[in-house]
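# A look at the structure
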Amino acid sequence: MTVPVFLSDELDGPELVLGGPEGRHAATVRRLRAGERVDLTDGGGSVAECVVREVLKDSLRVEVLGRYEVAPSSPRLVVVQGLPKGDRGELAVEMMTEAGVDVIVPWQASRSITQWKGDKAAKALRRWQSTAREAGKQARRFHLPEVTEPVTTAGAVRLLAGAALGLVLHEEAAEPLSRMELPADGDIVVVVGPEGGVSEREVEEFRAAGAATVRLGSTVLRTSTAGLAAAAVLLARTGRW
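Below or above, wherever it landed, is the structure these notes cover. Being a predicted model, the structure only gives us computed values, none of them experimental.

What counts and what doesn't
- Residues numbered from 1 in each chain as written.
- Predicted model: local features only at pLDDT ≥ 70, side-chain atom pairs only at ≥ 80, totals over all residues.
- Heavy atoms only, no water.
- Helix = DSSP H or I, 4+ residues; strand = E, 2+ residues; numbered from the N terminus.
- Rg over C-alpha atoms; globule rule 2.2 N^0.38 Å.
- Buried < 20%, exposed > 50% of the residue type's maximum accessible area, 1.4 Å probe, protein only.
- Contact = heavy atoms within 4.5 Å.
- Areas by Shrake-Rupley, 256 points an atom, 1.4 Å probe, with all protein chains shown as cover.
- Lys, Arg positive; Asp, Glu negative; His and termini not counted.
- Charge placed at Lys NZ, Arg CZ, Asp CG, Glu CD.
- Phe/Tyr/Trp six-rings, centres within 6.5 Å; stacked < 30°, edge-to-face > 60°.

## Remarks on the overall build of the chain
Looking only at helices and strands, the chain has 6 helices and 11 strands in total. Computed over its C-alpha atoms, the radius of gyration of the chain comes to 20 Å, within 12% of the 18 Å expected for a compact globule of 241 residues. The 241 residues of the chain split such that 49% are buried. Of the contacts formed within the chain by residues at least 6 apart in sequence, a portion of 72% connects residues at least 24 apart. Total accessible area computed for the chain in this model is approximately 11800 Å², and 48% of it derives from carbon and sulfur atoms. Computing the positive centroid from 30 side-chain charges and the negative centroid from 33, the chain places the two 5 Å apart.

## A word on the packing of aromatic side chains
This structure, assessed with the given rule, holds 3 aromatic pairs. Aromatic side chains Tyr68 and Phe142 sit 6.3 Å apart centroid to centroid with 90° between the ring planes, which places their arrangement in the edge-to-face category. Of this pair, Tyr68 sits in strand 5 (residues 60-69) while Phe142 sits in the loop between helix 3 (118-138) and strand 8 (146-147), placing them 74 residues apart in sequence. Look at Tyr68 and you get partly exposed, because its relative accessible area is 30%.

Dropping the structure here:
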């Protein structure tokens, strides 16, 4: 059975108490028992291997068996995700987190039907971040992905300009993603358009920033699955898978 992972800011000491929402979930939802193994992480690469010694009302007392650090992956994979409709954004975040994407950047594209404004933007961002956190624990990721503040097209251009390799998924591109020469380190930034696709003007701006347009295959994927498919190709070719 896979050892469950929980987030904790405190990893020092021979014994720890996992409290708050994480401890409540472990004690009352997962119903962990004394003697079971758990791993605690700060989400930044530090891991404490533990065994449950006591189950309290809404927390766990655990003994630390060992500690280790997980190095960040290289090259980093950054996906600039055009805002999809409905709950497809959370679906995209969940799947990309499980696959191993390092940074997810919400993008307000010109053809995005969904608009993040005011309180709606803050709530939507929190949902994406919560989805990434929960999916990361499920996938036993000890480096949780960063879900950034949303960017405009100008912000996406800046990310592409600073990348070791910038890529824009486009169904009319001639070059397949699988044939691109990949860097050994730095950031690989991949832009995924919304349901309406990437506009010609946006494509021009991205190309001017040094990005290449690439296609995934002969089919057209939904915006919620295109990032996952691109991540699978890139993570396999960089040796991270």
